[in-house]
Amino acid sequence: MTRIALFASGSGSNAENIVRYFSGHEDISVPLIISNKRDAYVHERADRLGIPSFTFSKAEFDEGSAIIDMLRSYDIDYIVLAGFLLKVSQSLLDTYPGRIINIHPALLPKFGGKGMYGGRVHQAVVEAGEKESGITIHYIDENYDEGDIIFQVTCEVLPEDTPEDVAQKVHALEYAHFPRVIEAVVKGEDLSKFG
Ligand code: GRF
């Protein structure tokens, strides 16, 4: 069984979608959710889903050892960042090389980097007059939003679309694709066949 920990900072709708996708899965489980915000709605979702969730401070994320101890105690193999806003520490990168996956709500390398998260991304896409946006699922490395890209899929942005409209389209792509891409990565499947 491959065991995934989810990291989330906010609402956690992706986290919930991923938990539901893998519930009852024969090879993959999601036994742990970790956040940097005690009042994030993801904890309520975790409670409802019956999955333990914990909060660590920014200092603990920066230092790393308390989180690594917890991940080890849950026998975690992969980390999936699902709307997680802090930078991942070097110690965590060293402990899980090539095993930390993030989702970004735009088509990297455009609209990525420090400060580009949540609604700001969609606002920037609309302001730039982009004709399309989408999602990027990628490995995490030392730099924000710069690890190797695993999968991208696009959606149309219409001239009259507001940032909220774009957010809705991007969320729909996240829900449809993120769990199955995680599954393919964990199983070592050929992602070039993914449409
Ligand atoms: C998602 O759009 C994710 O791509 C982004 O933050 C949002 C999180 O939404 N980085 P939720 O917490 O999963 O509802």
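All of these numbers come straight from a predicted model, not from anything done at the bench.

J.: Tell me what's going on with the environment of L6, and back it up with residues and numbers.
T.: The residue L6 is located in strand β1 (residues 2-7) in this model. Looking at L6, the relative accessible area reads 0%, which means it is buried. For the pair L6 and V80, spaced 74 residues apart in sequence, the C-alpha to C-alpha distance is 4.9 Å. Leaving out residues up to four positions away in the same chain, L6 has contacts with A15, I18, V19, V30, L32, I33, I34 and V80.

J.: Let's hear about the environment of K169: which residues, and what values?
T.: Here K169 is to be found in helix α7 (residues 163-187). Judged by relative accessible area, which is 27%, K169 ranks as partly exposed. A sequence separation of 36 residues divides K169 from S133, and the C-alpha atoms of the two residues are 8.9 Å apart. When near neighbours in sequence (up to four residues on either side) are disregarded, K169 contacts C155, E156, V157, L158 and D161. Only 2.6 Å separates the side chain of K169 from the side chain of D161, close enough to count as a polar contact.

J.: Which residues make up the site of the ligand, and what values do they have?
T.: The environment of the ligand is made up of S11, G12, S13, N14, G83, I103, P105, H171 and E174. At 2.5 Å, a side-chain N or O of S13 approaches an oxygen atom of the ligand. In isolation the ligand offers 360 Å² of accessible surface; the protein chains occlude 86% of this area. When contributions to the shell around the ligand are tallied by element, the ones reaching two or more residues are α1 (13-22) and α7. Its residues assigned to classes, the shell around the ligand shows 2 nonpolar, 6 polar and 1 charged.

J.: I'd like a rundown of the pairing of strand β2 (residues 28-35), residues and numbers included.
T.: Of all the 8 residues making up β2, 8 are buried; the element is thus mostly covered by neighbouring parts of the structure. In this sheet, β2 lies alongside β1 in parallel orientation, the contact comprising 5 bridges. Its bridge partner being in β2, R3 is matched across the sheet by S29. Where β2 meets strand β3 (residues 53-55), 3 bridges bridge the pair, whose relative direction is parallel. Its bridge partner being in β3, I34 is matched across the sheet by F54. With helix α2 (residues 42-49) bridging β2 and its parallel neighbour β3, the resulting β-α-β unit is right-handed.

Analysis parameters
Residues numbered from 1 in each chain as written. Predicted model: local features only at pLDDT ≥ 70, side-chain atom pairs only at ≥ 80, totals over all residues. Heavy atoms only, no water. Helix = DSSP H or I, 4+ residues; strand = E, 2+ residues; numbered from the N terminus. Buried < 20%, exposed > 50% of the residue type's maximum accessible area, 1.4 Å probe, protein only. Contact = heavy atoms within 4.5 Å. Polar contact = N/O pair within 3.5 Å; in protein donor to acceptor, adjacent residues only side chain to side chain. Near = heavy atom within 4 Å. Areas by Shrake-Rupley, 256 points an atom, 1.4 Å probe, with all protein chains shown as cover. Nonpolar A, V, L, I, M, F, W, Y, C, P; charged D, E, K, R; others polar. Pairing = 2+ DSSP bridges. Right-handed = clockwise from strand over helix to strand, strands pointing away.

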